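Geometric and topological summary
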Amino acid sequence: MPILDYLFVNLYERTTHSKRAKARSLANEGELRRLITDLTAELEQARAAITDFHARVNELQQQVLQQKSLRYADAVVQERQRRERLVSKFREVDYRNELDLKIFNLHSQCNEGGRRVAVLENDLKRCIVMNEELMGRISAGGDRPEEG
């Protein structure tokens, strides 16, 4: 009977050991399922965070593009205004140069007119002198002007 007891005890131990192993396996399986569930939830949260992050990145990219566009538009407007100021200054310089040229031409014409007047005055003085000489001869003796 001791062998029978031994076999019975051995069978009992194997059965309990198997049941314990099965229970541990089921407990581990439950733990694994709970871990998988937790990890799945964390994964979904990470996916949501990544999606939010990508949405925020896209939003920031749009803002950067808008700011670049605004800066470019401002730069274009400033460049246009700068060019308009330069064109205005060049027009003003051209106008001044034109006026200076007209003034110079008027001065030249006045100088030329002054020279003509001086020539005419000299001619007039010679005529007056010749006329006085002629009048002096006529009154002095009734001479006629010399022909010549």
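Model, not experiment: these values are computed from the prediction. (Residues numbered from 1 in each chain as written. Predicted model: local features only at pLDDT ≥ 70, side-chain atom pairs only at ≥ 80, totals over all residues. Heavy atoms only, no water.)

**Remarks on the overall build of the protein chain**
Regarding its fold elements, the protein chain presents one helix and zero strands. Here the C-alpha atoms of the protein chain give a radius of gyration of 61 Å, more than 25% beyond the 15 Å that 2.2 N^0.38 yields for 148 residues. In terms of overall dimensions, the protein chain has a C-alpha envelope of 205 × 20 × 15 Å along the principal axes. Expressed as a percentage of its 148 residues, the buried residues of the protein chain come to 1%. Here the protein chain displays about 14,100 Å² of accessible surface, and carbon together with sulfur accounts for 59% of that area. (Helix = DSSP H or I, 4+ residues; strand = E, 2+ residues; numbered from the N terminus. Rg over C-alpha atoms; globule rule 2.2 N^0.38 Å. Buried < 20%, exposed > 50% of the residue type's maximum accessible area, 1.4 Å probe, protein only. Areas by Shrake-Rupley, 256 points an atom, 1.4 Å probe, with all protein chains shown as cover.)

**Digging into the pattern of salt bridges**
For the structure shown, the criterion picks out ten salt bridges. Between D38 and R34 there is a salt bridge, with the nearest N and O atoms lying 3.2 Å from each other. Of the two residues, D38 and R34 both sit in helix α1 (residues 2-141), four residues apart, roughly one turn of that helix. On the basis of relative accessibility, which here comes to 40%, the residue R34 falls in the partly exposed class. Where salt bridges share partners, they join E31, R34 and D38 into one cluster. (Salt bridge = Lys/Arg side-chain N within 4 Å of Asp/Glu carboxyl O.)

**Observations regarding a nonpolar patch on the surface**
Where nonpolar side chains cluster on the molecular surface, the patch consists of I3, Y6 and L7 and spans about 360 Å² of accessible area. Note that I3 resides in helix α1. Judged by its relative accessible area of 61%, I3 falls in the exposed class. (Patch = residues over 30% accessible without salt bridge, like charges linked within 9 Å, V, L, I, M, F, W, Y side chains within 5 Å.)

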